[in-house]
Amino acid sequence: GYVAVLGKPNVGKSTLINQIVGQKLSIVTDKPQTTRHRILGICSEPEYQIILYDTPGVIKKEMHKLDSMMMKNVQSAIGNADCVIVVADASKLPEKIDDMLEAGVGNKDTKVPVVLVLNKKDMIKPGEIAKKLEWYQKFTDVDDVIPISAKFGHGVVDIKEWILSKLPLGPAYYPKDIASEHPERFFVGEIVREKIFLQYRQEIPYACQVNVTSYKSRPSAKDFIQVEILVERESQRSIILGKDGKAIKTLATASRLDIEDFLQ
């Protein structure tokens, strides 16, 4: 069955999906709003198949076309889901999640099972967790609340068990040996995009797009992959390249290592 993963920017949704699936599928950075596509992670075992939507972080105020398109993605993801995981940051003050569910679900008639996942429990004291659990159980309309640390994988098994208790019986939707419906070149682009976020920090905002322009598998050598990075302004181009092309060399090396690891 299908599971939608909701949450405000930066609460750790992508890290959680990567933990459940068991490999890195979604771009993970400490910058909010890095998920643009609805990445589908697929976790398959002989007796089940969990299909995860990583929805873009729910945005309070829609700013421009990209944001409203991302919000539409959130809504369609929940519309197709058998259950919903809402991820909240345990290290921050508790806040109501009903608006977020409403923004995603739209109409309340469709009663989908919802679990609230309190992530980053490693960052607060055990006594604090109990208080936050109590608050969320009292003030939110969810079926369950589970505290976890996605970063260290604590509590991920509990979430899997909860999901499996909600999924309908039926045949697998996808072949059991694939981890996503996106082709390899999509993930190659995402890896390069992640490295750009990590390497350039403030200098390059969200104004870049990564396109894989050529991808050739070579039986007797490594795959040949060519990537283009599009930026908005000429000044950003020189930042990406760096002095004597040093920055783009560093970017290429970091990307290559992760791509090799991903493609095995």
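The structure we're discussing is the one just above.
Just so it is clear, the structure is predicted and the values come from calculations on it, not from any experiment.

### Things to note about the overall build of the protein chain
At step 1: Check the secondary structure of the protein chain and you find 8 helices and 8 strands.
At step 2: Buried positions account for 44% of the 264 residues belonging to the protein chain.
At step 3: The contacts of the protein chain with a sequence gap of at least 6 include a subset with a gap of at least 24, amounting to 71%.
At step 4: On the protein chain, roughly 14300 Å² of surface is accessible, and the fraction owed to carbon and sulfur atoms is 53%.

### So, helix H5 (residues 156-166)
At step 1: Along H5, the residues that are buried comprise Val156, Ile159, Trp162 and Ile163. Viewed end-on, H5 has its buried residues packed into an arc of 120°, placing them on one side of the element. Exposed residues lying more than 90 degrees from the buried face of H5 are Val157, Glu161 and Ser165.
At step 2: For H5, the elements touching its buried residues are strand E1 (2-7), helix H1 (13-21), strand E3 (48-54), strand E4 (83-89), strand E5 (114-119) and strand E6 (144-147).

### What about the packing of aromatic side chains?
Think of a pair of aromatic rings as described by two things: how far the centres are apart, and how the planes are tilted against each other in angle.
At step 1: Scanning all chains against the criterion turns up 5 aromatic pairs.
At step 2: Seen from their ring centres, Tyr2 and Tyr53 are 5.6 Å apart, and the 20° between their planes marks the pair as stacked. Of this pair, Tyr2 sits in strand E1 while Tyr53 sits in strand E3; the two residues are 51 residues apart in sequence, bridging distant segments of the chain.
At step 3: Here the aromatic rings of Trp135 and Tyr136 are separated by 5.1 Å at their centres, their planes lie at 85°, and the arrangement is edge-to-face.
At step 4: Here Trp135 falls in the partly exposed class, since its relative accessible area comes to 25%.
At step 5: Among the aromatic residues, ring-to-ring pairing joins Tyr2, Tyr53 and Tyr173 into one connected group.

### A word on the environment of Pro113
At step 1: Among the structural elements, Pro113 can be located in the loop between helix H3 (98-105) and E5.
At step 2: Each C-alpha atom, one on Pro113 and one on Val84, is 6.3 Å from the other, the two residues being 29 residues apart in sequence.
At step 3: With sequence-adjacent residues up to four places away left out, Pro113 is seen in contact with Asp82, Cys83, Val84, Asp143, Trp162 and Lys166.

About the criteria used
Residues numbered from 1 in each chain as written. Predicted model: local features only at pLDDT ≥ 70, side-chain atom pairs only at ≥ 80, totals over all residues. Heavy atoms only, no water. Helix = DSSP H or I, 4+ residues; strand = E, 2+ residues; numbered from the N terminus. Buried < 20%, exposed > 50% of the residue type's maximum accessible area, 1.4 Å probe, protein only. Contact = heavy atoms within 4.5 Å. Areas by Shrake-Rupley, 256 points an atom, 1.4 Å probe, with all protein chains shown as cover. Arc of directions from axis to C-beta. Phe/Tyr/Trp six-rings, centres within 6.5 Å; stacked < 30°, edge-to-face > 60°.

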